[in-house]
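Notes for the structure review
If you want the building blocks of each chain, they are given just below.
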Amino acid sequence: MKTIVISNRKGGSAKTTTAVNLATQLAQEASVLLLDFDTQGHASIGVGCAPSESVGVHSIFLGATLSETFIPTVHDRLTLSPALVFFDVYEYSDLRGVLRSRFKREKIADFFDYCIIDTPPTFDALLKNALEVADAVVIPFVPHHLGVVAVGQMMRAIYQSAAVLERPLAEVGILPVMFNPHIKEHHEALEKVKTAFGKEKLFSPIGVDIKLSKQFETGQPVVLAAQRSKGMKDYCTFTRELLQRMDG
Ligand SMILES: Nc1ncnc2c1ncn2[C@@H]1O[C@H](COP(=O)(O)OP(=O)(O)OP(=O)(O)O)[C@@H](O)[C@H]1O
Ligand SMILES: [Mg+2]
């Protein structure tokens, strides 16, 4: 099983949109587990479910097994562990390694080809738990100055996590989102990211497409839509590029 964490501390940078479309696209040909680690529960909504008030992925921090939180979604091969909507991470002092130990003890890797984790826009124990199991981290970012700063901060967090656990560094990819080719600042931001982190880390950008916002109303990720859209095309290209990198 390959675990792909979608994260950026900056809010509103299309983490959830990316997690939902990536997970669903992968599920066309593989078995996929989606963990909605953000208590907002938007990834759960994105795959036709709802965040839970009783049992969700955050229940593992309260003693539950991960498997008991699994529910079916809009796609046969996509399983969701929904967000536990009122879980307050700051009520607990030491949550390190919980997800890692659940993965190991429940042999989660034997049941799925991919695990996608949507993370909250915070640098907290939830994000750290996710980074501890990451084979790859995708950082979606809106291409402007603060977006570039946020990518730098995420890069440091990823290096730090690998160093603390003495585990190999996750494969890191940076995904420009809501990219508008007519805006000069967007091109400048891409250049800054290439210079700072290497152009091989950048994926082809995701353009602006209102269908990517509308999909949350219907619980149908755009990659499942009958009609092709720009958002669908861009997320299919991104998934292909990610798989090439992970296999290469
Ligand atoms: N390419 C796009 N084109 C148009 N709208 C988009 C695009 N990507 C995301 N959006 C919209 O932008 C908003 C933020 O996206 P999303 O919720 O995926 O970000 P996020 O990083 O998960 O946010 P949060 O930090 O709150 O978890 C949403 O309303 C989403 O529908
Ligand atoms: Mg989100």
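Look a little higher up for the structure.
All figures in this text were calculated on a predicted structure; none of them were measured in a lab.

**A look at the site of ligand 1**
For ligand 1, the set of nearby residues contains 19 residues, the closest of which are K15, T16, T17, P121 and S213. Residue assignment for the shell around ligand 1 shows that the elements contributing at least two residues are α1 (15–27) and α7 (211–218). With 3 residues, α1 is the single largest residue contributor to the shell around ligand 1.

**Concerning the environment of I6**
Following the sequence through the fold, I6 ends up in strand β1 (residues 2–6). A tally of 29 C-beta atoms within 10 Å means that I6 is categorised as buried. As a C-alpha pair, I6 and A134 span 128 residues in sequence and 9.5 Å in three-dimensional space. Sequence-distant contacts of I6, that is, excluding residues within four places in its chain, are made with K15, T18, A19, I116, I117, D118, T119, V138 and P140.

**Things to note about the sheet that holds strand β7 (residues 171–176)**
Reading across the sheet, the 7 strands line up as β3-β4-β2-β5-β1-β6-β7 and stay open at both edges, with mixed pairing between neighbours. The sheet is open, and its two borders are formed by β3 (71–72) and β7, each paired with just one other strand. As judged from the 5 bridges shared by β1 and strand β5 (residues 114–118), these two strands associate in the parallel manner. Residue pairing for β5: V5 is matched across the bridge by I117. Strands β1, β2 (32–36), β4 (78–81), β5, β6 (136–141) and β7 of the sheet are contacted by α1, whose axis makes an angle of about 165° with β5.

**Some remarks on unusual backbone geometry**
Unlike most non-glycine residues, E166 shows phi in positive territory, near 50°. With respect to the secondary-structure elements, E166 resides in the loop between α5 (145–165) and β7.

**Re the packing of α5 against helix α6 (residues 184–197)**
Axis angle and axis distance: for two packed helices, these are the angle between their axes and the distance between the axes, and together they describe the pair. One way to put it is that α5 packs onto α6 with a least axis distance of 9 Å and a crossing angle of 25°. If you check the angle between α5 and α6, you find them roughly parallel. Of the two possible hands of crossing, α5 and α6 adopt the one that is right-handed. Residues H145, G147, V148, V151, G152 and M155 of α5 lie in contact with α6, whose contacting residues are A189, K192, V193, A196 and F197. For the contact of α5 with α6, the class distribution of residues is 7 nonpolar, 3 polar and 1 charged.

**Digging into the nonpolar core**
Buried together is how nonpolar side chains tend to be arranged in soluble globular proteins. Counting residues in hydrophobic clusters, the biggest one holds 61 residues, and the most contacted among them are A23, V32, L34, I116, A130 and I139. When residues no more than four places from it in sequence are discounted, the contact partners of V32 are A23, L26, A27, R77, L78, F112, D113, Y114 and I116.

**A few points about the environment of P140**
Looking at the element boundaries, P140 is found in strand β6. When the C-alpha atoms of P140 and F203 are compared, they prove to be 9.5 Å apart, with 63 residues separating the residues in sequence. In this structure P140 touches I6, N8, S13, A14, K15, T18, L175 and V177, once residues within four positions along its chain are discounted.

**Remarks on the pairing of β5**
For a regular strand, side chains alternate in direction, first toward one face of the sheet and then toward the other. The buried fraction of β5 is high, at 5 of 5 residues. A two-sided burial pattern is seen for β5, the buried positions comprising Y114, I116 and D118 on one face and C115 and I117 on the other. In terms of strand pairing, β2 meets β5 through 5 bridges, oriented parallel. Residue pairing for β5: V32 is matched across the bridge by Y114.

**Description of the environment of P143**
Relative to the assigned elements, P143 resides in the loop between β6 and α5. Taking the number of C-beta atoms within 10 Å as the measure of exposure, P143 has 24 and is therefore buried. Once residues within four sequence positions are removed from consideration, P143 is found in contact with P176, F179, H186, A189 and L190.

**Observations regarding the packing of α1 against helix α8 (residues 230–247)**
Running from amino to carboxyl end, α1 crosses α8 at an angle of 70°, the nearest separation of the two axes being 10 Å. As judged from the angle between their axes, α1 and α8 are roughly perpendicular. As α1 packs across α8, the resulting crossing turns out to be right-handed. Contacts between α1 and α8 involve N21, L22, Q25 and L26 on the former and, on the latter, Y235, C236 and T239. Split by residue class, the contact of α1 with α8 holds 4 nonpolar, 3 polar and no charged.

Rules used in this analysis
Residues numbered from 1 in each chain as written. Chains lettered and ligands numbered in written order. Predicted model: local features only at pLDDT ≥ 70, side-chain atom pairs only at ≥ 80, totals over all residues. Near = placed C-beta within 6 Å. Helix = DSSP H or I, 4+ residues; strand = E, 2+ residues; numbered from the N terminus. Buried ≥ 20, exposed ≤ 12 C-beta atoms within 10 Å, placed from the backbone. Contact = placed C-beta atoms within 7 Å. Pairing = 2+ DSSP bridges. Axes fitted to C-alpha atoms, helices over the stretch in contact; angles between N-to-C directions. Parallel < 35°, antiparallel > 145°, perpendicular 65-115°, else oblique. Left-handed = near helix turned anticlockwise from the far one by under 90°. Nonpolar A, V, L, I, M, F, W, Y, C, P; charged D, E, K, R; others polar. Core = buried A, V, L, I, M, F, W, Y, C linked by C-beta atoms within 7 Å.

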